[in-house]
Amino acid sequence: MLLDSLIDKATQLNSVTVAVAAAEDTDVIEAVLDAIDRNLANFLLFGDKEKIQAIIDEKNREMASNKQLKIVHADSKTSAAELAVQAVSSKEATVLMKGNIQTNIILKAVLNKEYGLRTGNVLSHVAVFEIPGINRYTIVTDAAMNIDPNLEQKAQIIKNAVSIAHSIGIENPKVAPLAAVEVVNPAMQATIDAAALTMMNRRGQISGCIVDGPLGLDNAVSSLAAEHKGIRSEVAGKADILLVPAIEVGNVLYKSLIYFANAKVGAVIAGAAAPIVLTSRADSAESKLYSLALAICSVNK
Ligand SMILES: CCCC(=O)SCCNC(=O)CCNC(=O)[C@H](O)C(C)(C)COP(=O)(O)OP(=O)(O)OC[C@H]1O[C@@H](n2cnc3c(N)ncnc32)[C@H](O)[C@@H]1OP(=O)(O)O
């Protein structure tokens, strides 16, 4: 219900234009048509025009009006990524969306120095989960962009996630920098960074949230586990944002939540000149729609 309410919220906000890179994918088109039906957005679809049109026809749907949906042919996926990014940097579109394309290809276009969407900040992936049995959002960052972030990058990754949390109504999110243990171990860089991030938050270098770590995943999300270990923390057991130490941890956590826990997700890249809808190609049409809603909320915040 949490992510459905995000769609309701986005429906009440200003409609945006979304540029989709490599739109030739059934789930992408389903999410696009659903978003049009709900008046969430208009779309510029870049990619293989014949394939895109065939998928729309297959869905037995009337072609949406020209204003709502336009297809622009691109000879390759790389070219589709470049054209979609250029549409956003030239302000023809307000949101970029990853279609049937590898993550690193679209991100390279996003980071292009001439036409990309750089801002001087670190760009990072923010995934907002609705997990069965947990009646609040759980945000995981960064599962998809920053491979092995250093302390400075982790601080910026937290700031990006906090900004997304604010845009969906979490006013003072609790941030848990995760590690394998909840004490500082000089042999584990993640614990040292977590302690430094906690102090950066206390000294006002990271604001708008409460950071406390290192925390193990169990102590971060379960009060019982935290109590059992005698951890006294404002974040333990109640974390809204889980900062992972490296991409593999985040990516496996992201996919575990979906495949083992039946969680639903919406995800974007934050910190760029425009929000970027970035889900796994295997993620459902529903998750692509949630991601669009999340991007629209973050544009209108
Ligand atoms: C969770 C669901 C979805 C998935 O499963 S996604 C699958 C996993 N994800 C991936 O495969 C993508 C992982 N990341 C990457 O491949 C790379 O880091 C990425 C983003 C493509 C960048 O690669 P390269 O272009 O080789 O980057 P590079 O390190 O040589 O840097 C080139 C210039 O870009 C800049 N850059 C790289 N990452 C950045 C960031 N996060 N924020 C801001 N700027 C960034 C970097 O500083 C460099 O700038 P400059 O040229 O020195 O001015």
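- As annotated in an unreviewed UniProt entry, the protein chain carries the name Phosphate butyryltransferase and is attributed to Neobacillus massiliamazoniensis.
- What the UniProt record of the protein chain gives under Sequence similarities (unreviewed entry) is the line "Belongs to the phosphate acetyltransferase and butyryltransferase family."

### Quick word on the environment of S284
So, step 1. Its location among the elements puts S284 in the loop between β11 (276-277) and α11 (285-299).
So, step 2. Sequence separation between S284 and T26 is 258 residues, and the spatial gap between their C-alpha atoms is 9.7 Å.

### Some details on the domain arrangement of the protein chain
So, step 1. Domain boundaries in the protein chain define domain 1 (2-119 + 272-298) and domain 2 (124-261).
So, step 2. Look at where the C-alpha atoms of domain 1 and domain 2 centre, and you get two points 28 Å apart.
So, step 3. Contacts between the two partners involve 17 residues from domain 1, matched on the other side by 17 residues from domain 2.
So, step 4. Taking both partners together, domain 1 and domain 2 bury about 1,300 Å²; carbon and sulfur atoms supply 64% of that area.
So, step 5. At the boundary of domain 1 with domain 2, the tally comes to 6 residue pairs in polar contact (both at pLDDT 80 or more).
So, step 6. Contributing elements (two or more residues each) for the side of domain 1 that touches domain 2: α1 (2-11), α5 (103-110) and α11.

### Some details on the sheet that holds strand β5 (residues 124-130)
So, step 1. On the basis of which strands lie adjacent, the open sheet formed by 11 strands has the order β3-β2-β1-β4-β11-β10-β5-β6-β9-β7-β8 and mixed pairing. Lying at the two open borders of the sheet, with one neighbouring strand each, are β3 (69-73) and β8 (210-211).
So, step 2. Where β5 lies against strand β10 (residues 264-270), 7 bridges are found, and the strand directions are antiparallel. The residue of β10 that forms the bridge with V126 is V268.
So, step 3. Along the sheet, α5 makes contact with β1 (16-21), β4 (95-98), β10 and β11, crossing β4 at roughly 155°.
So, step 4. Relative to the sheet, helix α10 (residues 247-259) contacts β5, β6 (138-141), β9 (241-243) and β10, its axis offset from that of β5 by approximately 25°.

The rules behind the values
- Residues numbered from 1 in each chain as written.
- Predicted model: local features only at pLDDT ≥ 70, side-chain atom pairs only at ≥ 80, totals over all residues.
- Heavy atoms only, no water.
- UniProt positions renumbered as here; feature names shortened; annotations may be inferred.
- Helix = DSSP H or I, 4+ residues; strand = E, 2+ residues; numbered from the N terminus.
- Domains from an automatic or database assignment.
- Contact = heavy atoms within 4.5 Å.
- Buried area = accessible area lost by both parts, 1.4 Å probe.
- Polar contact = N/O pair within 3.5 Å; in protein donor to acceptor, adjacent residues only side chain to side chain.
- Pairing = 2+ DSSP bridges.
- Axes fitted to C-alpha atoms, helices over the stretch in contact; angles between N-to-C directions.

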